[in-house]
Structure formats: C-alpha cells, structure tokens
Amino acid sequence: LRRACADAMAWPDHMRVAVNLSPLQFQSGNVFATASEALHRSGLPPQRLEAEITETLFLDKSEVLTSTLNALRALGVRIAMDDFGTGYSSLSYLKRLPVDTLKIDISFIRDITRSHDDAAIVKAIIALAHSLDMKVVAEGVETREQFTALRALGCDAAQGFLFSPAVLAADFEKLNGRCFTPRIS
C-alpha cells in the first residue's frame with residue numbers, strides 16, 4: 001500500500017492505483033490504519049486508491065471486515081471485488097458490503113467468444129453489477145474478439161495482455177498510456 005500510493009503520485013491525476021488486499025492483511029486488523037497512513041504520507045487523494053479484495057475474504061463473516069471496508073470507502077477509497085465468480089459467491093455480500101467494482105475473472109473471459117455459457121455468465125454479471133450501480137472490469141482480455149464481445153455486452157472496462165503485460169512501476173511511464181484499463185463504452 002505504501003509503495004503503490006507513493007508510485008501513483010508520479011502518475012497523471014486521473015489515474016487510480018489498485019492494490020490487492022489479502023485475507024491475512026485483514027486478519028492483522030490494521031488495514032485501515034495502514035491505508036490511511038500510506039495515503040497521508042504519499043499525499044495521494046483517497047479517490048485514486050482502489051482496494052481489491054477476493055471472494056475468499058468473505059469466508060470470514062466478521063464485523064471487522066465490514067467495518068474496515070466501510071471505513072475505507074468513507075475515506076474515499078474505491079473497493080473492487082477481484083476474480084468475481086470463481087470463489088464462494090454469495091449475492092448477499094454484494095448488497096451488504098461497499099463494493100464499487102466487480103472484476104470478472106479471466107476464466108469466464110478466456111472462452112467468451114466460443115462458449116455460450118461463458119458469454120451468458122459474463123452478461124449476467126454485467127447486468128447484476130449495473131443494476132447494483134457497480135462498474136465492471138473484465139480481467140485477462142487477450143484478443144480483439146474478446147474485447148469486441150465485452151463491448152457488445154456492456155462491460156465498462158478491460159485489462160489484459162491485449163493492452164500490456166504486467167509491468168514494474170519504473171517501466172510504467174514508458175508504455176505511453178497503453179496499459180491503462182481501457183474504457184469499453
């Protein structure tokens with residue numbers, strides 16, 4: 001969190017940085033304090049930080065999780081559910097927790113143009129997210145055909161090797177904007 005916030009301060013003001021948070025970090029009980037301190041030290045506005053969590057985190061049904069996510073969101077940090085659809089999906093979490101973005105797992109994107117089932121699942125996730133006023137990001141987009149299919153289904157943004165492989169922060173500026181999560185619409 002500290003490094004990501006500091007690195008993001010060198011980026012254009014309209015860009016956010018996303019940081020994956022693990023269940024272990026939440027068990028330590030200091031996620032909010034660490035995020036607040038990282039934002040304060042770096043000077044990064046909270047709206048430019050996105051905390052990515054996975055569905056496995058919801059196995060711990062503690063109030064600590066809910067209160068931490070609510071506190072982060074109240075601070076202005078965006079919350080994204082990563083790898084959506086592959087874990088212990090429970091729709092009750094979507095209405096109970098402050099999630100801003102659903103990130104559709106690559107396993108559904110990989111065959112979206114060849115599998116009616118994958119396309120139907122992606123379409124349903126997009127419709128569900130939009131009806132709950134959430135944004136949708138497709139993970140693992142590797143082909144123009146996948147990107148086109150996602151656009152037709154109303155997906156909000158995409159990320160994957162079609163745009164850029166993962167890069168170190170030091171190499172980020174050399175990409176000349178190619179690794180930004182493209183808006184689909």
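This write-up is about the structure you can find in this document. Every chain is numbered on its own, with residues counted from 1 as its sequence reads. Local features in a predicted model are, by the rule used here, given only for residues with pLDDT of at least 70; side-chain atom pairs are given and counted only at 80 or more, and totals for whole chains, interfaces and linings are based on all residues. Hydrogens are left out, water is left out, and the side-chain values use all remaining heavy atoms of the structure.

## Topic: helix α8 (residues 144–153)
Buried, partly exposed and exposed residues are distinguished by accessible area as a fraction of the type maximum, computed with a 1.4 Å probe on protein chains only: under 20%, between the cut-offs, and over 50%, respectively. Strands here are runs of E lasting at least two residues and helices are runs of H or I lasting at least four, both read from the DSSP assignment and numbered beginning at the N terminus. Regarding α8, the residues found buried are Gln146, Phe147 and Leu150. Considered in projection along α8, the buried side chains sweep an arc of 100 degrees and stay on one side of the axis. Facing away from the buried side of α8 by more than 90 degrees, the exposed set consists of Glu145 and Ala152. Just downstream of α8 lies Gly154, where phi reads positive at about 90 degrees. Each C-beta atom gives one direction from the helix axis, and the arc is the one those directions make.

## A short note on the pattern of salt bridges
A carboxyl oxygen of Asp or Glu within 4 Å of a side-chain nitrogen of Lys or Arg is what we treat as a salt bridge. Per the stated rule, a full pass over the model turns up ten salt bridges. Here Asp7 makes a salt bridge to Arg3, at a shortest N to O gap of 3.2 Å. In this pair, Asp7 and Arg3 both sit in helix α1 (residues 2–8), four residues apart, roughly one turn of the helix. Where Asp111 meets Arg114, a salt bridge forms, and the shortest distance between an N and an O atom there is 2.4 Å.

## Some points on the environment of Tyr93
Topologically, Tyr93 is positioned in helix α5 (residues 91–96). What makes Tyr93 buried here is its relative accessible area of 9%. Spatially, the C-alpha atoms of Tyr93 and Glu55 are 9.0 Å apart, while their sequence positions differ by 38 residues.

Without other data, these values stay purely geometric and don't point to any function.
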